[in-house]
Amino acid sequence: MKKVIITGGAGFIGSHLSEKYIKNGWKVTVIDNLSTGRKENIKELEKNKNFYFIYGDITDFDFLKQNIKDFDLIIHLAAAVGVKYIIENPIKSIITNVKGTENILEIANIDKTPVFIASTSEVYGKNTNIPLKEDDDRVVGSTNVSRWNYACSKALDEFLSLAYFREKKLPVVIGRFFNTCGPRQIGEYGMVVPKFIKQAMLGLPITIYGDGKQSRCFTHVEDVVNAVYALCEKKECYGNVFNIGSDIQVTITELATKIVTKLKSDSLIEYIPYNKVYGSNFEDMLVRQPLLDKIRKYIEFNPEFNIDYIIKDVIKFFES
Ligand code: UDP
């Protein structure tokens, strides 16, 4: 039986990925410090005899070294995520993202265990050259704008991963996720889909930041999880960076309208200037859309679930 260890496996994406590996007959071990991950996310998994949970922190090298032994695959998802969380906890975010990944790579390298490193579309920063291609420039703002610490720490993770691949022949594959959504994402840290759905369910104003014309390509977590699994299974993918996401743009106003309509909610839509939410030092990107040519050269990748399905699925989760 093959064995995978998933850091951040009690998180939103990690718990879905754990389920995927269990379904495919793997033994799954999760390491999570439950900072943003939740035991609730893995309560069904914990009933399975092939699933193990270890509480611990990825910044603790000795702890990792003790627990990461004899695995066929390491999937590194543990990271500080969410614009709100990053801005409110910059030190913790940078340390978790940089030191955590350094630790994982160093430990993976002991037995040359293949590793998947989760990255983010945020690394493209403000690049307006849409759709975004893996080798495109990264356009990030001043170090005074807290948001960019995430783009930079994850870019450093990518640099380090690629360096381990080139210098030490460690098999590493990197995925840049684009606005992943679905059940178990609770939106406490700034994710817009669950946040708007909760607001609409409670009849509270839907808080659109800026003019709502900015768009995102929302991707269902099942599509992301299937892509990660397929990338890790294929040798040729290692040493590469891949965009993972839907390429269908939805504006934030469209999103709000769809949610209010679907829920027949009385919520009003309220437009709030960015500076009222994040202070004067904030920058947002207008469009963030991936080019999917590269991933499609390596694996079959056709996101199955559109925004209407995502909204329905997240509503179902909050109602259950
Ligand atoms: N957003 C919004 N209202 C909110 C939360 C987010 O209008 O209450 C906007 C945010 O400014 C961004 C988009 O929704 O343009 C997506 O935000 P999220 O934090 O989900 O992810 P991002 O793509 O910014 O990392």
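Keep in mind the model is a prediction, meaning the values are calculated, not measured.

Novice: Even after reading the chapter, I still don't get the sheet that holds strand 11 (residues 241–244), so can you show me in this structure?
Specialist: The pairing of strands in a sheet comes from backbone hydrogen bonds and takes either a parallel or an antiparallel form. Taken in spatial order, the 7 strands make up an open sheet running 3-2-1-4-5-6-11, and their pairing is parallel. With partners counted over all chains shown, the strands left at the sheet margins are strand 3 (51–55) and strand 11, one partner each. Within this sheet the neighbouring strands show an average axis-to-axis angle of 20°, counted without direction. Across 5 bridges, the pairing between strand 2 (residues 27–32) and strand 3 is parallel. Bridge assignment links Thr29 to a residue of strand 3, and that residue is Tyr52. Contacting strand 4 (73–76), strand 5 (115–120), strand 6 (172–177) and strand 11, helix 7 (residues 221–233) runs over the sheet at an angle of about 160° to strand 11.

Novice: How should the pattern of salt bridges be read in this particular structure?
Specialist: Side chains that carry opposite charge are capable of pairing whenever their charged atoms lie near each other. Applying the stated criterion across every chain yields a total of 15 salt bridges. Residue Asp284 pairs with Arg147 through a salt bridge whose shortest N-O separation is 3.1 Å. Here Asp284, found in the loop between helix 9 (274–278) and helix 10 (293–298), pairs with Arg147, found in the loop between strand 5 and helix 5 (148–168); they are 137 residues apart in sequence, far enough to count as distant. Asp157 is the salt-bridge partner of Lys154, the closest N and O atoms lying 3.2 Å from each other. Taken as a pair, Lys154 and Asp157 lie in helix 5 at a separation of 3 residues, close to a single helical turn. For the pair Lys154 and Asp157, one class covers both residues: buried. By sharing partners, the salt bridges in this structure join Glu122, Arg147, Arg216, Asp284 and Arg288 into a single network.

Novice: Can you help me understand the site of the ligand in this one?
Specialist: Lining the immediate surroundings of the ligand are 18 residues, of which Gly190, Thr207, Arg216, Asp284 and Arg288 lie closest. For the ligand, an oxygen atom lies 2.9 Å from a polar atom in the side chain of Asn179. In isolation the ligand has 520 Å² of accessible area, and contact with the protein removes 93% of it. Broken down by secondary-structure element, the contributors of at least two residues to the shell around the ligand are helix 6 (192–202) and strand 8 (206–209). For the shell around the ligand, the residue count by class is 8 nonpolar, 4 polar and 6 charged.

Novice: What is the right way to look at the side chain of Ser161 in this model?
Specialist: Structurally, Ser161 can be placed in helix 5. Overall, Ser161 belongs to the buried group, its relative accessible area being 1%. Sequence-distant contacts of Ser161, that is, excluding residues within four places in its chain, are made with Thr101, Leu105, Ile117, Val172 and Ile174.

Novice: Would you take a moment to explain the packing of aromatic side chains for this structure?
Specialist: Each aromatic ring pair is described using two quantities: the centre-to-centre distance and the angle formed by the ring planes. Going through the model one piece at a time under the given rule, you end up with 12 aromatic pairs. Relative to Tyr229, the ring of Tyr21 lies with its centre 4.7 Å away and its plane at 50°, an arrangement referred to as tilted. Of the two residues, Tyr21 sits in helix 1 (residues 12–23) while Tyr229 sits in helix 7, which places them 208 residues apart along the sequence. Considering the side-chain rings of Tyr278 and Phe282, the 4.2 Å spacing of their centres and the 25° angle between planes classify their relative orientation as stacked. For the pair Tyr278 and Phe282, one class covers both residues: buried. Here the aromatic cluster, defined as three or more aromatic residues joined through ring pairs, consists of Tyr209, Tyr274, Tyr278 and Phe282.

Conventions we followed
- Residues numbered from 1 in each chain as written.
- Predicted model: local features only at pLDDT ≥ 70, side-chain atom pairs only at ≥ 80, totals over all residues.
- Heavy atoms only, no water.
- Pairing = 2+ DSSP bridges.
- Helix = DSSP H or I, 4+ residues; strand = E, 2+ residues; numbered from the N terminus.
- Axes fitted to C-alpha atoms, helices over the stretch in contact; angles between N-to-C directions.
- Contact = heavy atoms within 4.5 Å.
- Salt bridge = Lys/Arg side-chain N within 4 Å of Asp/Glu carboxyl O.
- Buried < 20%, exposed > 50% of the residue type's maximum accessible area, 1.4 Å probe, protein only.
- Near = heavy atom within 4 Å.
- Polar contact = N/O pair within 3.5 Å; in protein donor to acceptor, adjacent residues only side chain to side chain.
- Areas by Shrake-Rupley, 256 points an atom, 1.4 Å probe, with all protein chains shown as cover.
- Nonpolar A, V, L, I, M, F, W, Y, C, P; charged D, E, K, R; others polar.
- Phe/Tyr/Trp six-rings, centres within 6.5 Å; stacked < 30°, edge-to-face > 60°.

Just distances and angles here, no functional claims.
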